[in-house]
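Take a look at the letters that make up each chain.
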Amino acid sequence: MTERTLRQVIPGTETSDGAGVRIKRSLGQQQNVRLDPFLMLDEFGSDQPQDYMAGFPSHPHRGFETVTYMIEGHMLHEDHLGNRGNLKNGGVQWMTAGRGIVHSEMPQQESGQMRGFQLWLNLPAAEKMKPAGYRDIQPDEIPAITLDGGLIKLVAGELVVDGQIHQGAVTGGSTRPLYADIHLQPGTETLLPIDPELEGLLYLYAGEASLLSAAGPQPLKRSAASILSKGDSVRVGAGEHEARLLLIAGKPIGEPVVQYGPFVMNSREEIEQTLRDYRDGRLTA
């Protein structure tokens, strides 16, 4: 196997979104800081209610998908299609904006820790105007793969572990997204095959870990998108403390990306049409 190494590190930058929710944004902090097919990766986490209580009031999207993974906390999703989903510890919400969706994500707690991630996954031109959709994925729907000294929660995609093929809660799609939450006990490591066609990253959010290869260990920076080189496997090891990290990968689309806030299309003309559609009430028609 050709083990992947670190190609680039994009530290999360403190910012705010929605009505003032404090986040750390790595991918997407600038429009040229992306990893095709991923547009944005936000980490939110605080035990101070003023950092998250304002939430994300009703707002539109077009042209991509959002994946929200809640580590701790309680948030309510509502959209114009009538979907209503409670996102709680360990749950995932997979929303396809497609042609257009208007939704809100509002905290349902007044105290305590709220922690999680939101990933924006681009759609190819042929799928940008497909009907909007929403899936509320409960924690018990997410496969848990036991490792020798760890655990993987497989949100999306396919992984081969110890010769056995595992399917995530979400499979398929033209970008073949892989989304795994990896927990490693201190001093342990794991080697995972990854299709060489996929671009990938690691995101360490707790503890200590390194990317391991013949070139030697490369420590992972906390709260940063660690972009991986080409290869067909990734090997990670925990340090003196338990490590928790995300492995995210997908097949590049290779098309132009033109973004205006919550709208992501392929040309300026399509963005202008999207703005007219939103203004005239046709975004979700």
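Residues numbered from 1 in each chain as written. Predicted model: local features only at pLDDT ≥ 70, side-chain atom pairs only at ≥ 80, totals over all residues. Heavy atoms only, no water.

**Q** Residue-level account of the overall build of the protein chain, with values.
**A** Across its full length, the protein chain holds one helix and 26 strands. Over its C-alpha trace the protein chain gives a radius of gyration of 18 Å, about what one expects of a compact globule, namely 19 Å for 285 residues. Referenced to the eigenvectors of the C-alpha coordinate spread, the extents of the protein chain come out at roughly 55 × 45 × 30 Å. Residue pairs in contact within the protein chain that sit at least 24 positions apart in sequence constitute 72% of those at least 6 positions apart. Only carbon and sulfur atoms are counted for the fraction: they give 47% of the accessible area of the protein chain, which is about 12,300 Å². The averaged location of the 36 negative side-chain charges in the protein chain is 5 Å from the averaged location of its 26 positive side-chain charges. (Helix = DSSP H or I, 4+ residues; strand = E, 2+ residues; numbered from the N terminus. Rg over C-alpha atoms; globule rule 2.2 N^0.38 Å. Contact = heavy atoms within 4.5 Å. Areas by Shrake-Rupley, 256 points an atom, 1.4 Å probe, with all protein chains shown as cover. Lys, Arg positive; Asp, Glu negative; His and termini not counted. Charge placed at Lys NZ, Arg CZ, Asp CG, Glu CD.)

**Q** Tell me about the pattern of salt bridges, residues and numbers included.
**A** What the rule picks out here adds up to 19 salt bridges. The closest approach of N and O atoms between Arg84 and Glu78, which form a salt bridge, is 2.5 Å. Judged by relative accessible area, which is 34%, Glu78 ranks as partly exposed. A salt bridge links Arg279 to Asp280; its shortest N-O distance comes to 3.1 Å. With a relative accessible area of 61%, Arg279 lands in the exposed category. For Asp280, a relative accessible area of 40% puts it in the partly exposed group. When salt bridges with common partners are traced through the structure, they connect Arg62, Asp277, Arg279, Asp280 and Arg282 into a single cluster. (Salt bridge = Lys/Arg side-chain N within 4 Å of Asp/Glu carboxyl O. Buried < 20%, exposed > 50% of the residue type's maximum accessible area, 1.4 Å probe, protein only.)

**Q** Lay out helix H1 (residues 268-279) in plain terms, naming residues and giving numbers.
**A** For H1, built from 12 residues, the straight-helix expectation of 16 Å at 1.5 Å per residue is met to within 8% by its first-to-last C-alpha distance of 17 Å. On its buried side, H1 packs onto strand S25 (258-260) and strand S26 (263-265). Directly beyond the C-terminal end of H1, a positive phi value near 80 degrees is found at Gly281. (Expected span 1.5 Å × (residues − 1).)

**Q** Explain the pairing of strand S17 (residues 178-184) to me, and be specific about the residues and the numbers.
**A** The buried fraction of S17 amounts to seven of the seven residues, a majority that puts the element mostly inside the structure. Of the two faces of S17, the one lined by Leu178, Ala180, Ile182 and Leu184 and the one lined by Tyr179, Asp181 and His183 are each fully buried. Pairing analysis gives six bridges linking strand S14 (residues 150-156) to S17, with the strands arranged antiparallel. In the strand pairing of S17, Leu154 is matched with Ala180. Relative to strand S24 (residues 243-250), S17 runs antiparallel, the two sharing seven bridges. (Pairing = 2+ DSSP bridges.)

**Q** Tell me about the pairing of S24, and please be specific about residues and values.
**A** Where burial is concerned, most of S24 is hidden: seven out of the eight residues are buried. As defined by bridge partners, strand S19 (residues 199-206) adjoins S24 across seven bridges and the pair is classed as antiparallel. The residue of S24 that forms the bridge with Glu199 is Gly250.

**Q** Account for the sheet that holds S24, with residues named and values stated.
**A** Sheet architecture is open: seven strands sit in the order S1-S22-S19-S24-S17-S14-S13, paired in antiparallel fashion. Strand pairing shows two members of the sheet lacking a second neighbour, strand S1 (6-11) and strand S13 (144-147), which therefore form its edges. Between one strand axis and the next, the sheet turns by 20 degrees as a mean value, whatever way the strands run. Note that S13 and S14 share four bridges and pair antiparallel. Note that in S14 the partner of Ala144 across the bridge is Lys153. (Axes fitted to C-alpha atoms, helices over the stretch in contact; angles between N-to-C directions.)

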